[in-house]
Protein chains: 2
Amino acid sequence: MTQPLFKKIVIFGVGLIGGSFALALRRVHAVTEVVGFGRSAATLQQAQQLGIIDRIGDDVASEVGDADLVVLATPVGQMAELMARIAPHLGVNTLVTDGGSTKSDVVREAYAQLGGKVAQFVPAHPIAGAEQSGAAAARAGLYQGKKVVLTPLPENTATSVARVRHAWEACGALVSELTPQQHDEVFAAVSHLPHLLSFALVHDLAQRDNRDVLLSFAASGFRDFTRIAASSPEMWRDICLANREALLLELQRYVAELNQLNAALAAGDAGKLEQTFRAARELRAGWTENQARNDV
Amino acid sequence: MTQPLFKKIVIFGVGLIGGSFALALRRVHAVTEVVGFGRSAATLQQAQQLGIIDRIGDDVASEVGDADLVVLATPVGQMAELMARIAPHLGVNTLVTDGGSTKSDVVREAYAQLGGKVAQFVPAHPIAGAEQSGAAAARAGLYQGKKVVLTPLPENTATSVARVRHAWEACGALVSELTPQQHDEVFAAVSHLPHLLSFALVHDLAQRDNRDVLLSFAASGFRDFTRIAASSPEMWRDICLANREALLLELQRYVAELNQLNAALAAGDAGKLEQTFRAARELRAGWTENQARNDV
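Residues numbered from 1 in each chain as written. Chains lettered and ligands numbered in written order. Predicted model: local features only at pLDDT ≥ 70, side-chain atom pairs only at ≥ 80, totals over all residues.

## Section: the overall build of chain A
Each helix and strand counted, chain A has 12 helices and 8 strands in total. Over its C-alpha trace chain A gives a radius of gyration of 21 Å, about what one expects of a compact globule, namely 19 Å for 296 residues. Projecting the C-alpha coordinates of chain A onto the three principal axes gives extents of approximately 70 × 40 × 35 Å. Looking at chain A as a whole, 54% of its 296 residues are labelled buried. Put simply, of all contacts in chain A between residues at least 6 apart along the chain, 79% involve residues at least 24 apart. (Helix = DSSP H or I, 4+ residues; strand = E, 2+ residues; numbered from the N terminus. Rg over C-alpha atoms; globule rule 2.2 N^0.38 Å. Buried ≥ 20, exposed ≤ 12 C-beta atoms within 10 Å, placed from the backbone. Contact = placed C-beta atoms within 7 Å.)

Here you go:
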């Protein structure tokens, strides 16, 4: 037997993201002990019963000092406070990573809250599983074949980045690296904007007196287009606000695109409509379906 | 054995829509003879080999005179010419129906081209199968449990409407009735607009130098949101133009919705964002999945 990658991991937030991370590392014997913290005692007990964590943490100060890795798997809105709590107690060899869907804001908080220990924080965004939540949804295979984006900081040592990368790779993930700003621009375009657009369409229908008639004729195109409008309102409120600048740029760009289509439609410009649809179809058809196995 | 519903059906366009209609009626022995017309000799031969049609039609004039039912299952753009061709030869007992995705324009052409025989035309829109095409894709079960919308004309007799209704019900479809204008307003909202929005998003990405990087991080939310952007450019060009007025109203309404979200986002209005997302989520979650079995 080789030595496990980590002797002790402390996870804040033992739901789908944090819980699946623990289960995945346990499956490949990459961790000896997992300690969990969270806001709900019931969730922590459930996580323990499900074998996600070995122990429910009691005292943050004493637990994070000798941990090899601290994982921040809470909603992004809670991370600043959490970072402030752990900062004074992090051991010199303790690495920190997270599972937040936005990165510029998390990194900004890391600089503010972790101060001189920011080099120990290697930010990450696993592209998986936003539609379920809770410890009961956690599973060892969640990250298998899925993408995880690391957004390393200039302060990180190569060794620290490699260690966090190995952790995610041990979960079965395909790890890439972007800067925090690149990350947020990419996900504004391919994830955050589509969510906003899908919410907007359904909200528009929800305002109408004849919404039931309309929905009774909605079919599979509508079903797929609006699937992401059933996502968590709180989570997406936070993501939109956290990535506000990049998302506003995308939204304005998209409205300009719609204004062009509106003009083409009003003018009866068949060629322009077909050309637009054809370019879209070609790109979409060429996008390989195996990339789509990653969950948003 | 009861008498078949129809002795002779003539189908123009023996692809997915027309071919599946024929196969469905054959399966329940509701038709004795099916004659096919189309622009491609190869497709007609394939349809005959697949048992969709009994014969390839040669002379429109002689075939439509003694037909019980003529089905116009071509793209909507070809229907006016087709109506003009069949009009002089339709027998007094020959009914006509169609499979077009828009109705006001088809009805307008029917009045123009069929003249005094317009009472024989009962317009229909089967909500099924826009993503595949061709005779090879036709199947007897395509309409099983799917919605078909009839948009009867004031000139239609109750008997004519009932007979066309029975034909679609014999295919397994759930038949509703709307006016042509109601139909087009409903489908502008729940089908045509989502298609336009999906095409627009992918077209926007297609214009960018970094589109490959962006797409490499696109996941299942993007996959579902953009599935309909892989639809036929020609077909959707025609649908958008045919339903231009209703679609323009929907598009302008949607842009107004986006402008509101843009303002909320720019102002950091968390409450407004959450409220919008929550209303959307509630409507979407309440929309029963069994309705979604209908294909657009």
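## Focus on the interface of chain B and chain A
Facing 77 residues of chain B, the contacting portion of chain A comprises 77 residues. Breaking the side of chain B that touches chain A down by element, the ones donating at least two residues are α7 (180–206), α8 (211–216), α9 (220–225), α10 (233–242), α11 (244–266) and α12 (270–286) of chain B. Top contributing element to the side of chain B that touches chain A by residue count: α7(B), with 18 residues. The residue makeup of the side of chain B that touches chain A, split by class, is 48 nonpolar, 13 polar and 16 charged. (Nonpolar A, V, L, I, M, F, W, Y, C, P; charged D, E, K, R; others polar.)

## A look at the packing of helix α11 (residues 244–266) of chain A against α7(B)
Between α11(A) and α7(B), whose axes approach to 10 Å, the crossing angle comes to 120°. Our classification of the angle between α11(A) and α7(B) gives oblique. For the pair α11(A) and α7(B), the crossing hand works out as right-handed. The residues of α7(B) that touch α11(A), namely those facing R253(A), Y254(A), E257(A), L258(A) and L261(A), are L196(B), A200(B), L201(B), H203(B) and D204(B). (Axes fitted to C-alpha atoms, helices over the stretch in contact; angles between N-to-C directions. Parallel < 35°, antiparallel > 145°, perpendicular 65-115°, else oblique. Left-handed = near helix turned anticlockwise from the far one by under 90°.)

## Section: helix α7 (residues 180–206) of chain A
Maximum bend of α7(A): about 55°, positioned at A188(A). Extensive coverage of α7(A) is indicated by the burial of 24 of its 27 residues. (Bend = angle between axes of the 7 residues up to and from the residue.)

## Regarding the pairing of strand β8 (residues 147–150) of chain B
Residues and elements named next belong to chain B. Neither face of β8 is left uncovered, since the one carrying K147 and V149 and the one carrying V148 and L150 both have all their residues buried. Bridge analysis of strand β7 (residues 124–126) against β8 gives 3 bridges, and the strand direction is antiparallel. Bridge pairing in β8 links H125 to V149. As paired strands, β8 and strand β9 (residues 174–177) are joined by 4 bridges and run parallel to one another. For V148, the partnering residue across the bridge sits in β9 and is V175. Between β8 and its parallel partner β9, the chain crosses via helix α6 (residues 158–170), and the hand of that crossover is right-handed. (Pairing = 2+ DSSP bridges. Right-handed = clockwise from strand over helix to strand, strands pointing away.)

## What about the environment of I52(B)?
All names here are of chain B. In this fold, I52 is placed in the loop between α2 (41–49) and β3 (55–56). Residue classification places I52 among the buried positions, given that 27 C-beta atoms sit within 10 Å. A sequence separation of 155 residues divides I52 from Q207, and the C-alpha atoms of the two residues are 43 Å apart. The contacts of I52, once residues within four sequence positions are left out, are V14, G19, A22, L23, A47, A135 and A138.

## Details of the relation of the copies chain B and chain A
Expressed as a screw operation, the relation of chain B to chain A combines 0.0 Å of axial shift with a rotation of 180°, fitting to an RMSD of 0.1 Å. In symmetry terms, the pair is related by a two-fold rotation axis. When C-alpha positions in chain B are compared against the rotation axis, the closest is assigned to F225(B), at 2.1 Å. Comparing contact sets, 100% of the residues at the interface of chain B also lie at the interface in chain A, consistent with an isologous, same-surface contact. (Least-squares fit on C-alpha atoms with pLDDT ≥ 70 in both.)

## Here we look at the packing of helix α10 (residues 233–242) of chain A against α12(B)
Packing of α10(A) against α12(B) brings their axes to within 9 Å, and their N-to-C directions diverge by 140°. Viewed along their axes, α10(A) and α12(B) adopt a mutual orientation that is oblique. In this structure, α10(A) crosses over α12(B), and the sense of that crossing is right-handed. Listed contacts from α12(B) to P233(A), E234(A), W236(A), R237(A), C240(A) and L241(A) of α10(A) are A270(B), L273(B), E274(B), F277(B), R278(B) and R281(B). Residue classes in the contact of α10(A) with α12(B) are distributed as 7 nonpolar, no polar and 5 charged.

## Section: the nonpolar core
Formed by 194 residues in total, the largest nonpolar core has its most connected members in I9(A), I11(A), I9(B) and I11(B). If we skip the residues at most four places from it in the chain, I11(B) touches G18(B), A22(B), V34(B), G36(B), I53(B), V71(B) and A73(B). (Core = buried A, V, L, I, M, F, W, Y, C linked by C-beta atoms within 7 Å.)

## Things to note about α10(A)
The α-helix winds at 3.6 residues per turn, so residues separated by three or four positions along the chain end up facing the same way. Most of α10(A) is tucked away, with 8 of its 10 residues classed as buried. Those residues of α10(A) that fall on the buried side of the exposure criterion are P233(A), W236(A), R237(A), D238(A), I239(A), C240(A), L241(A) and A242(A). Looking at the buried residues of α10(A), the elements they touch are α5 (104–114), α7 and α11 of chain A together with α11 and α12 of chain B.

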